[in-house]
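Read off the chains here:
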Amino acid sequence: MADNERKGNGFDNDNSPRRIFLKKSSALAAWALTPTVAMTVVDNGLHEKVALAVEQMPLWLTINGKAQQLSIEPRVTLLDLLREQLHLTGTKKGCDHGQCGACTVHVDGQRVNSCLTLAMTTEGCTVTTIEGLADGGPTGTLHPMQEAFIKQDGFQCGYCTPGQIMSAVACIREGHANTPEEVREYMSGNICRCGAYANIVDAIMDVKKGGAKV
Amino acid sequence: MTKDTKNPPIDRVDGRLKVTGGANYFADFEIPNTAYCVIVGSKIAKGTIASLDTKKAQNAPGVLGVFTHQNMPPIPGWDAPVGGEADGPAPKPKTEETYRILSSSKILFDGQPIAIVVADTYERATYAASLVKATYSKQTARTDLQKHVAEGIAPKGADGGNYLRGKPDAYQAAPVTLEANYTIPIEVHNPMELHGILAHWTGPNTLMIYAKTQGVNATQQAMAEAFKIAPKNIHVHAEFMGGGFGMGLRTWPQETAVVAIARKIGRPLKLVVNRSQMFTLVGHRPYTVQTINMGADQDGKLIGIAHAATAETASYEDFTEATVNMTKFMYACPNVSTRYRIVRLDRSVPIWMRGPGEATGAFALESAMDEMAHKLKLDPIEFRLRNYTETDPEHNRPYSSKNLKEAYQRGAEAIGWSKRKNEPGSTREGDWLIGYGMSTGTFNAFRWEASARVLLKADGSLTVQSAVTDIGPGTGTALTMIAHNVLNVPLNRIKVEYGDTSLPKAPTQGGSAIVSAVGSAVFDACTSIKQALIELATKNGGPLVGRQADELTLADGILSILTEPKKKVAVSDLMQANNLAVIDRTKESKGGPQLQNYSMYSFSVHFVQVRVNPLTGVVRVTKAVSVADSGRIVSPKTAASQMIGGVAGGIGMALTEEAVIDHRFGRFVNNNLADYHVAVHADVPAIETIMIDKPDPIINPMGAKGMGEIALIGFAGAVANAVFNATGQRIRDLPITPDKVMQKLT
């Protein structure tokens, strides 16, 4: 599959990541759900190696500008892939059910809950995490939203912060940051238990009014 | 003493790490060969495990072990059946029934771990956990406090909750009386970060732990006692913690279990519990019912208050908190009695949650004060002022500082209190009824023992070290400011290291006590460095020989004569001349005996404007002003954030937060963040915070008192009072949900 075919919204054509995933996983399921086969494997003590072989699937995607060729279990979420396999621990797990927003990343420019996204569905996609939002790092340039969060003290414990920032950037890009009220509505999927909301809204409005490219 | 000027607001020192994803929380650390733990919880609340089938799980791919009460590796310090105790490890049994994780087939609460599954990946462990099958012999669980209030017992211990000043029933004969019952539901801390542990045995008797704890020293001590190894062989790291709000004030049994299993398996283990387990395995604010009886004369002078509270605890451990304490000292009232009871239910044990019992008690007391003001046709602030006390009536001693009158006044101005009509239900804007409410909060200002190390290097940089963790209030930033204020080292040359047991011992972060405790140690260590510099400069042969300490000033690495700025020496030159690469001071700090002569409290006043829709029952907080009287504000920016955080937490407590149990099964029905509603962006308006910012002359050299708790304490009462002012209806059961409002209004 050529690169340009993997782009787009990715969910409604025959070559979409979802379709490919379903095809692959159906084949796998048919095999794995045969009880006698599964139990024989276990009884023979082969289950470790065999399981490893059948559970691994190829995945191509771009994360923070870097093309990745991976081999993963189909049941791995994008969140756990980032955190447990790719060492991108800036993205946080808060609920694993898409209820808190701590795991928000951008997939093809859209904000998504990475805990609700099976990694296999991001085949061919471009993923951006907090680590890839700007040069960042200990001394690098910060994204205007990161600067604004520091200036407005838009966090306390800092745990929800990567998700808030990724969501905030998307909120402006979507055109949903015209008033503080609108920001509150469109940021309500990102919970901050420390309660830094008022400062987060100020930070987003600062960036929006500042007019910097986000 | 620090100079008596207000501190500038500075950015959080760990801000860059937090906005770039560079701040590492326990689960972010990576140890090669780490395996993953998943807890299987009981599906009944009381009974015994009749059968437990782990064979399928055991045989699932990647599984390294399935641990149950039948094969749990030993925890040597747990030989005796032990009850456990908040804020510490392994104490003596308190009740007949005790709880030790995976130690018996007995089920004491819903969600109690019945197995811990270990596998080489998180996915495999999760799948295998789904294969563990249990059957139970079920007994009827008692989980509803409302049905068992009469079974309340007085907790053991010094205060036992009973207090009496004057006559217990004096309120009865007062010209104006009030009796009211208030209820607080189960609330759950629900920090955004999930609880867990990353444990690695680095040798047969040496342990590295990355923990979600509010105190690394406390975790170290708990593990030392559990595994009977020396604390120095246990390294605990928790520089960042994704919120605690109290749930990290103790070492929880599953943490100890994971450490034991890691030793057995011989691999590092990581446990991250799921969100529903946050409701059962790491404590909660206990369901509490309260009754307030109050009597006043026609002039609005309080004659008597009786405050009784009954709270739930576990069947296996007595948890208590200071629910009725505020009533003892808040107002000038000659007759005050309090009573506190606990009821042992088939529930997991509670733990202090932000503004612990005081937030529960303040909701009742400050609602009652509002109700009484209404009966007296007095403005609620005026009623409080008529019963204002400058000395602590509980202990008959002065407050170390109290500027509450100023707080009332400034908060009232900021919210526009003059627009409030004392007659409820009299302000309407379109479809909405408008109301204003206020409430007071207070919490002990502690001065605990703590230590800190400060190193001044010849290159002019300063390093501040303490084991204290920073759960979010901005401890690192506050400690930076304190060091800066003493030594005038530029802020960008100060580095703070914290959250690790290799650093000087510090208390657990809680009780709003850290700036006071650790800050004082930092202050003392910095002061000692300053004295050393002055001695070097003024000794025989020194560049400022013969000068007195009070003639000198230290700024930006230059020591100079105050009145003759040209006479000066660079600190770096001074240190080099004396062959000093570093001046290194460690100080332990605790308050002197003079502190006993004072009552030390922080105070807050919360003001809110609410809109209530009489057609839908919806309550919206549209304006909030919180005023803190907590001594000198060391770090204004992070302090203001703590206050707005209290408002967000308070809005949740007042309007949405309630963990609901289906008592037929003793199980939660809303144990997730979609159904347990913490405040979200859309619930929280812009907030004004006001700092009185006057140093307390007694408590510590900075004059700073804590503010983490007072940010929340009282807020829910202010909302309830505002709802009354808007509608004329009093809601005494939190949270104030639309159904309750509708029931009252129709």
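Residues numbered from 1 in each chain as written. Chains lettered and ligands numbered in written order. Predicted model: local features only at pLDDT ≥ 70, side-chain atom pairs only at ≥ 80, totals over all residues.

Draft legend 1. Spatial organisation of the overall build of chain A. Per the secondary structure count, chain A includes eight helices and five strands. Start at the N end of chain A and walk to the C end: the helices and strands fall as α-α-α-β-β-α-β-β-β-α-α-α-α. Among the 214 residues that make up chain A, the fraction classed as buried is 49%. Restricting the contact set of chain A to residue pairs at least 6 apart, pairs at least 24 apart contribute 58%. (Helix = DSSP H or I, 4+ residues; strand = E, 2+ residues; numbered from the N terminus. Buried ≥ 20, exposed ≤ 12 C-beta atoms within 10 Å, placed from the backbone. Contact = placed C-beta atoms within 7 Å.)

Draft legend 2. Region of interest: the domain arrangement of chain B. Residues and elements named next belong to chain B. For chain B, the domain assignment lists domain 1 (26-140 + 193-243 + 248-279), domain 2 (288-446 + 596-745) and domain 3 (448-590). For domain 1 and domain 3, the distance between their C-alpha centroids amounts to 41 Å. At the junction of the two partners, domain 1 supplies 18 residues and domain 3 supplies 16 residues. When contributions to the side of domain 1 that touches domain 3 are tallied by element, the ones reaching two or more residues are α5 (216-227) and β11 (234-237). (Domains from an automatic or database assignment.)

Draft legend 3. Up close: the interface of chain A and chain B. Across the contact, 52 residues belong to chain A and 52 residues belong to chain B. Of the residues that constitute the side of chain A that touches chain B, the class distribution is 23 nonpolar, 16 polar and 13 charged. (Nonpolar A, V, L, I, M, F, W, Y, C, P; charged D, E, K, R; others polar.)

Draft legend 4. Looking closely at the domain arrangement of chain A. Residue and element names in this part refer to chain A. Domain boundaries assigned for chain A yield domain 1 (3-132) and domain 2 (144-209). Taken together, the elements giving at least two residues each to the side of domain 1 that touches domain 2 come down to β3 (104-107) and β4 (110-113). The element that contributes the greatest number of residues to the side of domain 1 that touches domain 2 is β3, accounting for three residues. Classifying every residue of the side of domain 1 that touches domain 2 gives five nonpolar, seven polar and two charged.

Draft legend 5. Summary view of the packing of helix α11 (residues 475-487) of chain B against helix α12 (residues 514-538) of chain B. Residues and elements named next belong to chain B. The geometry of α11 relative to α12 is characterised by a closest axis approach of 9 Å and an angle of 30° between their N-to-C directions. When the interaxial angle is binned, α11 and α12 end up roughly parallel. Crossing geometry of α11 relative to α12 is assigned as right-handed. Side by side, α11 and α12 meet where T475, A478, L479, I482, A483, V486 and L487 of the first sit next to I514, V515, V518, G519, V522, F523, C526, T527, I529 and K530 of the second. Partitioned by chemical class, the residues of the contact of α11 with α12 number 13 nonpolar, three polar and one charged. (Axes fitted to C-alpha atoms, helices over the stretch in contact; angles between N-to-C directions. Parallel < 35°, antiparallel > 145°, perpendicular 65-115°, else oblique. Left-handed = near helix turned anticlockwise from the far one by under 90°.)

Draft legend 6. The arrangement of the sheet that holds strand β26 (residues 582-589) of chain B in detail. Residues and elements named next belong to chain B. Read across the open sheet, the four strands follow the order β22-β21-β20-β26; overall the sheet is mixed. Lying at the two open borders of the sheet, with one neighbouring strand each, are β22 (494-498) and β26. Adjacent strand axes in the sheet meet at a mean angle of 15° when their direction is disregarded. As defined by bridge partners, strand β21 (residues 462-466) adjoins β22 across five bridges and the pair is classed as parallel. Paired with V464 across the strands is V496, a residue of β22. (Pairing = 2+ DSSP bridges.)

Draft legend 7. Looking closely at the pairing of strand β20 (residues 450-457) of chain B. Residues and elements named next belong to chain B. Judged from the eight bridges that link them, β20 and β26 form a sheet pairing that is antiparallel. Note on β26: the bridge partner recorded for L455 is D584. As judged from the four bridges shared by β20 and β21, these two strands associate in the antiparallel manner. When the bridges of β21 are listed, V454 appears paired with V464. Where β20 folds back on β21, the antiparallel hairpin that results is connected by four residues, among which G460 adopts a positive phi of roughly 90°.

Draft legend 8. The packing of helix α5 (residues 144-152) of chain A against helix α8 (residues 197-210) of chain A, seen in detail. Residues and elements named next belong to chain A. Between α5 and α8, the least distance of the axes is 8 Å, while the angle of their chain directions is 135°. Our classification of the angle between α5 and α8 gives oblique. Viewed along their axes, α5 and α8 form a crossing whose handedness is right-handed. For the pair α5 and α8, contact is made by P144, M145, A148, F149 and Q152 and by N199, D202, A203, D206, V207 and G210, respectively. Taken together, the residues that form the contact of α5 with α8 break down as six nonpolar, three polar and two charged.

Draft legend 9. Structural detail: the nonpolar core. Residues and elements named next belong to chain B. One finds V117, V118, A483, V522, V719 and V723 to be the most contacted residues of the largest nonpolar core, which totals 304 residues. Top element by residues in this core is α12. It accounts for 14 residues. Aside from chain neighbours lying at most four places away, what touches V719 is G437, V608, V610, V621, A654, L655 and I736. (Core = buried A, V, L, I, M, F, W, Y, C linked by C-beta atoms within 7 Å.)

Draft legend 10. Quick look at helix α15 (residues 715-727) of chain B. Compared with the 18 Å implied by 1.5 Å per residue over 13 residues, the 19 Å span of α15 of chain B between its first and last C-alpha is a close match. Burial of α15 of chain B is extensive: 13 of the 13 residues sit out of reach of the surface. (Expected span 1.5 Å × (residues − 1).)

Draft legend 11. View of the pairing of strand β2 (residues 66-72) of chain A. Residues and elements named next belong to chain A. With zero of seven residues buried, β2 is to be regarded as a mostly surface element. Two strands pair when backbone bridges link them, and strand β1 (residues 57-63) and β2 are joined in this way by seven bridges, in the antiparallel orientation. Residue pairing in the sheet places I63 in a bridge with K66 of β2.

Draft legend 12. Region of interest: the sheet that holds β3 of chain A. Residues and elements named next belong to chain A. With respect to topology, five strands assemble into an open sheet ordered β2-β1-β5-β3-β4, the strand pairing being mixed. Either end of the sheet is taken by a strand with one partner, and the two such strands are β2 and β4. Taking each pair of neighbouring strands and ignoring which way they run, the sheet shows an average axis angle of 40°. Sheet topology note: the β1/strand β5 (residues 126-128) ladder contains two bridges and is parallel.

Draft legend 13. Seen up close, the environment of S188 of chain A. Looking at the element boundaries, S188 of chain A is found in the loop between α7 (180-186) and α8. Taking the C-beta count within 10 Å as the criterion, S188 of chain A has 17 such neighbours and is therefore assigned partly exposed. For the pair S188 of chain A and K213 of chain A, spaced 25 residues apart in the sequence, the C-alpha separation amounts to 23 Å. Once you skip the residues sitting within four places of it in the chain, S188 of chain A turns out to touch V680, H681 and A682 of chain B.

Draft legend 14. Representation of the confidence of the model for chain A in the model. With 75% of its residues at a pLDDT of 70 or more, chain A shows a mean pLDDT of 85. In this model, residues 1-14 of chain A is a region of pLDDT below 50 whose contacts with residues beyond four sequence positions or in other chains number 14 contacts. (pLDDT = per-residue confidence, 0-100.)

Draft legend 15. Fine view of the confidence of the model for chain B. Considering every residue of chain B, the mean pLDDT works out to 94; 96% of them sit at 70 or more. Across residues 80-97 of chain B, confidence stays below pLDDT 50; counting only partners more than four residues off in sequence or on other chains, it has 46 contacts.

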